[in-house]
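If you want the building blocks of each chain, they are given just below.
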Amino acid sequence: MSAVHAAVDLGASSGRVIAGRVRDGRLLTEEVTRFANGPTAVPAADRTTLHWDVLSLYAGAVEGLRRAAGTHGLASAGVDSWAVDYGLLDADGALLGNPVHYRDARTDGIPERVFRHWPADAMYAVNGLQVQPFNTVFQLAAEAGSARLAAARDLLLVPDLLGYWLTGVKAAELTNASTTGLVDVRERRWAPRGLEVLAESFGVDARALLPDLVEPGTVVAPLRGDLGGAPLVAVGSHDTASAVVAVPAATADFAYISSGTWSLVGVELDAPVRTEASRAANFTNELGVDGTVRYLRNVSGLWLLQESLRTWREQGREVHLADLLEHAARAPALACVVDVDDPRFLPPGDMPARIAAFAAETGQRPPESEAGFVRCILDSLALAYRRAVHQAAELSGRNVDVVHIVGGGANNTLLCRLTADAVGLPVVAGPAEGTAMGNLLVQARAVGAVDGDLAALRRIVAASAETVTYHPEGPSSHWESAARRITP
Ligand code: ADP
Ligand code: LRH
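- Under the annotation held in an unreviewed UniProt entry, the protein carries the name Rhamnulokinase and is attributed to Nocardiopsis changdeensis.
- According to UniProt, the comment filed for the protein under the heading Sequence similarities (unreviewed entry) is "Belongs to the FGGY kinase family."

1. Things to note about the sheet that holds strand E19 (residues 402-406)
Okay, so step 1: Strand order in this open sheet of 7 strands is E17-E18-E16-E15-E19-E20-E21, and the pairing throughout is mixed. At either margin of the open sheet sits one strand with a lone partner, and together these are strand E17 (284-287) and strand E21 (468-470). Strand-to-strand twist of the sheet, defined as the mean angle between neighbouring strand axes without regard to direction, takes the value 30°.
Okay, so step 2: By the bridge criterion, 4 bridges tie strand E15 (residues 254-259) to strand E16 (residues 262-269) in an arrangement that is antiparallel. Among the inter-strand pairings, Ser259 is bridged to a residue of E16, identified as Ser263.
Okay, so step 3: On top of the sheet, helix H15 (residues 370-396) reaches E15, E16, strand E18 (293-300) and E19; it is set at about 20° to E16, its chief contact.

2. Details of the site of ligand 1
Okay, so step 1: For ligand 1, the set of nearby residues contains 15 residues, the closest of which are Gly11, Ser13, Gly260, Thr261 and Gly408.
Okay, so step 2: Residues that form the shell around ligand 1 fall into these classes: 4 nonpolar, 11 polar and no charged.
Okay, so step 3: Among the domains, domain 1 (5-234) and domain 2 (240-430 + 467-488) are the pair contributing at least three residues each to the shell around ligand 1.

3. Comments concerning the site of ligand 2
Okay, so step 1: What surrounds ligand 2 is a group of 13 residues, the closest being Trp82, Ala83, Thr240, Trp262 and Asn298.
Okay, so step 2: If you list the elements that add at least two residues to the shell around ligand 2, you get helix H10 (239-245) and E16.
Okay, so step 3: Class assignment of the residues belonging to the shell around ligand 2 gives a composition of 7 nonpolar, 5 polar and 1 charged.
Okay, so step 4: Mapped onto the domain boundaries, the shell around ligand 2 takes at least three residues apiece from domain 1 (5-234) and domain 2 (240-430 + 467-488).

4. Looking at the nonpolar core
Okay, so step 1: Core analysis: the biggest nonpolar cluster contains 158 residues, and Ala6, Tyr385 and Ala392 have the highest contact counts within it.
Okay, so step 2: At 14 residues, H15 tops the list of elements feeding residues into this core.
Okay, so step 3: Looking at which domains feed residues into this core, each of domain 1 (5-234) and domain 2 (240-430 + 467-488) supplies at least three.
Okay, so step 4: Ignoring anything within four residues of it in the chain, the contact list for Ala6 reads Val17, Ala19, Leu65, Ala68, Leu74 and Ala77.

5. Regarding the sheet that holds strand E13 (residues 218-222)
Okay, so step 1: Spatial strand order, E3-E2-E1-E6-E14-E13: 6 strands in an open sheet with mixed pairing. Only two strands of the sheet have a single neighbouring strand rather than two, namely strand E3 (26-36) and E13. Neighbour-to-neighbour, the strand axes of the sheet open up by a mean angle of 25°, direction not taken into account.
Okay, so step 2: Sheet topology note: the E13/strand E14 (residues 231-234) ladder contains 4 bridges and is antiparallel. Opposite Val219, over in E14, you have Val233 as the bridge partner.
Okay, so step 3: Of the strands in this sheet, strand E1 (4-10), strand E6 (74-81), E13 and E14 are in contact with helix H6 (residues 158-167), which crosses E6 at around 145°.
Okay, so step 4: Those strands touched by helix H17 (residues 434-446) are E1, strand E2 (14-23), E3, E6, E13 and E14, and its axis lies near 140° from that of E1.

6. Focus on helix H19 (residues 477-486)
Okay, so step 1: Looking only at H19, the buried set comprises Trp479, Ala482 and Ile486. Buried residues of H19, seen end-on, are gathered within an arc of 60° and therefore sit on one face of the element. What points out from H19, more than 90 degrees from its buried face, is the exposed set Ser477, Glu480, Ser481 and Arg484.
Okay, so step 2: Buried positions along H19 lie against H15 and helix H16 (413-423).

Rules and cut-offs
Residues numbered from 1 in each chain as written. Chains lettered and ligands numbered in written order. Predicted model: local features only at pLDDT ≥ 70, side-chain atom pairs only at ≥ 80, totals over all residues. UniProt positions renumbered as here; feature names shortened; annotations may be inferred. Pairing = 2+ DSSP bridges. Helix = DSSP H or I, 4+ residues; strand = E, 2+ residues; numbered from the N terminus. Axes fitted to C-alpha atoms, helices over the stretch in contact; angles between N-to-C directions. Contact = placed C-beta atoms within 7 Å. Near = placed C-beta within 6 Å. Nonpolar A, V, L, I, M, F, W, Y, C, P; charged D, E, K, R; others polar. Domains from an automatic or database assignment. Core = buried A, V, L, I, M, F, W, Y, C linked by C-beta atoms within 7 Å. Buried ≥ 20, exposed ≤ 12 C-beta atoms within 10 Å, placed from the backbone. Arc of directions from axis to C-beta.

Shown next, in the form of structure tokens:
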């Protein structure tokens, strides 16, 4: 047996380390460890802040890398995680507090303050990003003047922070950096205007804090000696960038849904779309592997389901996802739908209560059972996917004849079936661990274990992963009338 590649993949709901080898045109993978992840609320002087427990994630990553190395050693390693969040290091290189979670309320009202200095249309012309309160540029403006920021010398996005701890080298991988709002999407470099606005209007010296950018596929440095010294590769360190690498598409005419805690719905392009129509539709241009652009909308995802389950369990109810999904599949279709992107669903909390309130406000009868709530969430997600796929095709001019679902949502057969019906196109579901596969393949290519372009990497995924195809059924008009119920 030969050495393995190891992907550290940190999702918002769990982290995992997956080992992989490429043999005869196939990627063979094995999950070596998985650990829980989620927001931790920590009370401080004047308010409670939501944090990530990044030290336990790091411990999970190290344990996974050691296990993956086993007796045969590592050929390479790569780290990806959710976007936008960061750790700050002081002059000694020590971490200044736990990274703040993007669902924390500190950015409430901040985008509007930033737009006074960098108007939304001018900002979009540079960074091409969907406005979300948690984009790093807004998080930095929110913490302007804090003691933490005053002591900071370096800012590292989460995968780069782990990379620093694993190698001692600081770098900013480009796909994830493109979610900060501080990258010029056409030039693929830090945006001078963004840095200027933060410095002049908020007193934040982002230029000094941010490391140099590296393209995905760059070998950053060897892992620390006690971890064996294999090359750490800057993969598509934004989890969505790695997920899109692993879409097993046979042609260019596909849309993808990276379906986990979030749903990232869009198409892959060669160049950004920064039209006014695109901005108005809140579409984002994130940077992808091999010079690509991930043109997508960030739609809320299985977060609503995760939080509903958590709420019911906290209330002492015994609920099991598989049973609920079985009952939800038999519940009446489109009985109640919500706008999953309504800001009320962003923070952690009692989602069933929020769904019931939304239903009442829109003249719908709220669900009456847990399975009814689950059905409402999945119908509503499929409805949001329908809109986003159609708009992505329309705004980009890209022809779409198939929708690929990767991520944990690919295991949810009801969601996949509803998506095919709602979008009106075949849905190919799988792989569920696409992000780790994309991470592994970019590493393997960087160290010479495979070669070829994205299409070649995707052929390896298609040969390795089991997929299930769902064909659309039922009339489109049901979905159109459901959409009208929630459109003001
Ligand atoms: P993230 O990377 O954001 O943590 P994942 O891609 O791991 O998210 O997806 C996690 C979600 O996938 C879970 O919350 C769950 O809703 C869904 N999921 C995973 N496995 C299954 C399954 N066997 N059946 C139904 N849903 C599943
Ligand atoms: C998905 C994801 C998404 C971001 C969000 C913060 O995990 O990276 O692409 O918008 O987290």
